Structures are given as structure tokens and as C-alpha cells.
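As a plain string of letters, each chain reads:
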Amino acid sequence: MPDCGEDTSYKALTKTVFKVMGGLLLVLCVSSSWVGTTQLVQLTYKSFPCPFFISWFSSNWNIIFFPLYYSGHMATTQERQKLIKKFRDCHCVFGNEEGIRLKIIVKRTATFSILWTLTNYLHLLALHKLTATDASALYCCHKAFEFLLSWMILKDRFMGIRIVAAIISIIGIVIMAYADGLRGDSVLGVTLAVGSACTLALYKVLLKKFLDNWQLGEAAHFFSTMGLFNFIFVSGVPLILFLTHVEHWSPQSSPPWGYLCAIAGLWLVFNISASGGIFFTYPILISIGTLLSVPGNVAVDVLKHDVTFSVVHLVATCCICLGFLLMLLPEEWDSLMLSFLAALADQKTNNHGEELTECNVYTCYNKANGAVSIP
């Protein structure tokens with residue numbers, strides 16, 4: 001009869017293996033979708049330089065987040081609920097108070113939708129001024145700003161290593177801003193990218209403050225609601241920009257819908273993988289996927305677009321990536337490191353003791369047999 005403890009350990013190990021393997025697939029999905037999005041945006045700019053329209057059109061696709069979740073839910077469970085019933089069950093993400101529910105929905109959705117739109121719009125503007133590599137590297141700075149805002153707003157634990165990481169990231173930003181001298185496009189592009197990272201950090205901090213500990217269905221509900229809000233209330237902005245010729249295209253030439261749909265689809269895959277992936281695997285793997293978009297864009301820029309990066313650009317990118325990696329260290333990293341070093345020291349002591357014991361046994365054996373060691 002199998003041991004119950006061994007069976008439990010085997011199940012836990014199997015679960016961990018599947019969680020890691022799924023996480024690796026999500027890492028590939030996050031990095032490749034983000035690389036594809038940034039590269040396609042820059043290709044679209046050649047014939048359609050309208051960043052706000054691209055942002056608005058892509059954000060509308062968040063509406064299908066919940067239908068995709070519902071389809072997966074129906075395919076993997078025996079529970080049969082109608083779409084509207086399931087949607088209402090996940091409605092608690094905005095609160096359970098009947099009297100103020102609509103007010104909370106509008107208020108929170110409007111707040112997050114504005115931050116979402118600003119983040120995407122500023123990032124797209126930055127892609128108009130910078131290479132995809134520089135823009136994706138600066139996008140990773142949101143981790144540093146998120147830590148600083150969490151420390152101030154959420155009163156998170158102060159960590160010296162993360163302060164160092166934030167300083168390293170800021171150094172990388174400054175170096176990248178001055179990498180091409182004081183050329184207008186470079187400085188403006190870095191400013192726009194940093195602004196996008198700041199609004200993204202504020203978005204994530206407020207998400208932790210108001211919508212923490214949610215489930216996958218609630219997350220899908222939230223993003224679909226935000227996409228619907230974007231479609232209803234933000235649709236007038238692209239029209240105004242078109243009529244004022246801020247973002248204008250010739251009526252004879254329609255927008256490149258193929259590129260726009262590809263961008264929106266890849267952006268949706270990135271959002272689903274990054275936001276929904278944390279329910280299936282370790283969040284650190286999702287963050288690593290975002291970081292891997294930097295070398296991915298480097299490869300595409302060098303091989304496809306013949307971009308040459310200066311040493312200063314590479315140093316700035318390395319500083320930002322190093323700061324991002326240091327941000328991923330767990331809160332108890334110092335105690336874990338001390339425990340690891342102590343265990344390593346104990347292992348060396350035990351090995352040394354075993355060697356001395358073996359040496360003494362060998363010496364006693366030689367003496368008993370009259371053997372003489374010749375130096």
C-alpha cells in the first residue's frame with residue numbers, strides 16, 4: 001500500500017513541475033507578443049502615424065477578455081452557467097454594496113481607463129522617437145517607480161536593495177537620455193517613455209490598493225469592463241484628433257487594418273498573459289518575460305533594421321535591466337542568502353570531517369599492515 005506522505009509529495013512535485021513548465025510557456029508568450037507589438041507599431045507608423053488611434057483601437061479589444069475566460073471556463077469545468085450569470089458572479093471585483101455599485105464601477109473604471117490610455121499613448125509616442133529596443137528597456141523602468149510608489153502609498157516594506165535597484169534604473173535613464181548628445185528626438189522620446197512607465201506604475205499600485213486578491217474571472221471582468229468604457233467614452237477623442245488634423249489620414253486611403261488588427265491582437269495576448277498568467281504560475285516568470293523583450297527587440301533591430309547601438313546605449317540598457325532584475329529579489333532575500341551560505345559552510349565542514357575520518361582510517365590500516373609511506 002503506497003505511503004500517503006509519499007503520494008502527497010509526488011502530487012506537490014507534479015504540480016510544481018507543471019506550474020514551472022506553464023510559466024516558461026508564458027514567458028515565451030509575453031516576450032514574443034511584446035516584441036511583435038513594438039515592431040509592428042513602428043512598421044505601421046510608416047504609413048499611419050496615429051498613435052492615439054492605435055491605442056484606442058487596441059484597448060477596445062479588451063472587451064473580449066471575459067468572453068475568452070468564459071469559453072475556457074466552460075471547456076474545463078462541468079459547471080454550466082450562462083454568460084450573463086457568470087458575468088454577474090464576477091461583479092464583486094467592484095464591491096458588493098448595492099446602493100453605490102454603479103458609482104464605484106464608473107469611478108474606478110474611469111480612473112484605471114485614463115491611466116491605461118495615458119500609459120499606452122505615451123509608450124506609442126515614445127516608439128515614434130526611439131528604437132523598439134530603447135522603448136522596451138525604458139518600459140521596464142516601471143518596476144522601480146512601482147516600488148517607490150508602493151513604499152509611499154501602500155506603506156510596503158522598505159528594502160535597501162530595491163532602493164539601489166531604483167537608483168541604477170534612474171542612472172540608466174539618464175545615460176540613455178544623453179546617449180545621442182542632446183538631440184531633441186532622443187530626449188523627448190526618453191521623457192515620453194519614462195512618463196509611460198510612471199503612469200503604468202501608478203496604475204499597478206492603485207490596482208493593488210483597490211483590487212487586490214482577485215480571481216481570474218474578476219480580472220477578466222475588470223478588463224472587459226475597462227475595454228467597454230474605452231469604447232463608449234473615449235471614442236470621441238480619435239474623432240476630434242482626426243477633425244483637427246492632429247492625427248489625420250487621407251479619406252482615399254483607409255487605415256492599414258491588417259497591421260492594426262495584428263497590433264491589437266498581440267497586445268491583447270500580452271495583456272492576457274501578463275495579467276492572467278499570475279493565476280497559473282509564479283509572477284516572477286511573467287516579469288522575466290517582460291525583460292526578455294529587450295534582447296528580443298535588440299535581435300530584430302540589428303538583424304532586420306540594421307540598427308547600430310553605441311556603447312553608451314548598451315550601458316544604459318544594461319543598467320535598466322540590472323535594476324529590473326534586482327527588483328525581482330524577494331523581500332526575504334537577505335535571510336535566504338544567509339541561510340544558503342550557512343548551509344554551504346556546514347556542507348564544507350561535513351565534507352572536511354569525512355575526509356579527515358577517511359584519512360585516519362587509511363593511516364591505521366597502513367600501520368596495521370606494516371606499510372611505509374615514502375614522500
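The rules behind these values
- Residues numbered from 1 in each chain as written.
- Predicted model: local features only at pLDDT ≥ 70, side-chain atom pairs only at ≥ 80, totals over all residues.
- Heavy atoms only, no water.
- Axes fitted to C-alpha atoms, helices over the stretch in contact; angles between N-to-C directions.
- Helix = DSSP H or I, 4+ residues; strand = E, 2+ residues; numbered from the N terminus.
- Parallel < 35°, antiparallel > 145°, perpendicular 65-115°, else oblique.
- Left-handed = near helix turned anticlockwise from the far one by under 90°.
- Contact = heavy atoms within 4.5 Å.
- Nonpolar A, V, L, I, M, F, W, Y, C, P; charged D, E, K, R; others polar.
- Phe/Tyr/Trp six-rings, centres within 6.5 Å; stacked < 30°, edge-to-face > 60°.
- Buried < 20%, exposed > 50% of the residue type's maximum accessible area, 1.4 Å probe, protein only.
- Lys NZ or Arg CZ within 6 Å of the ring centre and 35° of its normal.

### Here we look at the packing of helix H7 (residues 142–154) against helix H8 (residues 160–177)
Packing of H7 against H8 brings their axes to within 9 Å, and their N-to-C directions diverge by 135°. In this view, H7 runs oblique relative to H8, as classed from their interaxial angle. For the pair H7 and H8, the crossing hand works out as left-handed. Of H8, the residues touching H7 (which contributes Ala144, Phe145, Phe147, Leu148 and Trp151) are Arg162, Ile163, Ala166, Ser169 and Ile173. Of the residues in the contact of H7 with H8, the class split is 8 nonpolar, 1 polar and 1 charged.

### Details of the packing of H8 against helix H14 (residues 311–327)
Interaxial distance between H8 and H14 falls to 8 Å at its minimum, and their mutual angle equals 160°. Classified by the interaxial angle, the pair formed by H8 and H14 is roughly antiparallel. For the element pair H8 and H14, the recorded crossing hand is left-handed. For the pair H8 and H14, the contacting residues are Ile161, Arg162, Ala165, Ala166, Ile168, Ser169, Gly172, Ile173, Ile175 and Met176 in the first and Val312, His313, Val315, Ala316, Thr317, Cys319, Ile320, Leu322, Gly323, Phe324, Leu326 and Met327 in the second. Here the residues of the contact of H8 with H14 are counted per class, giving 16 nonpolar, 5 polar and 1 charged.

### Re the packing of aromatic side chains
What the rule picks out here adds up to 22 aromatic pairs. A ring pair is formed by tryptophan 34 and phenylalanine 270, whose centres lie 4.5 Å apart and whose planes are at 25°; its orientation type is stacked. With tryptophan 34 in helix H1 (residues 4–45) and phenylalanine 270 in helix H12 (residues 257–276), this pair connects stretches of sequence that are 236 residues apart. Across the pair, phenylalanine 270 and tryptophan 34 agree in class, each one buried. Put simply, the rings of Phe48, Phe53, Trp56, Phe57, Trp61, Phe242, Trp249 and Trp257 pair up and form one aromatic cluster. One residue, lysine 209, lies across the ring of phenylalanine 210, its end atom 5.9 Å from the ring centre.

Fair warning: the whole summary comes from geometry, so function is off the table for now.
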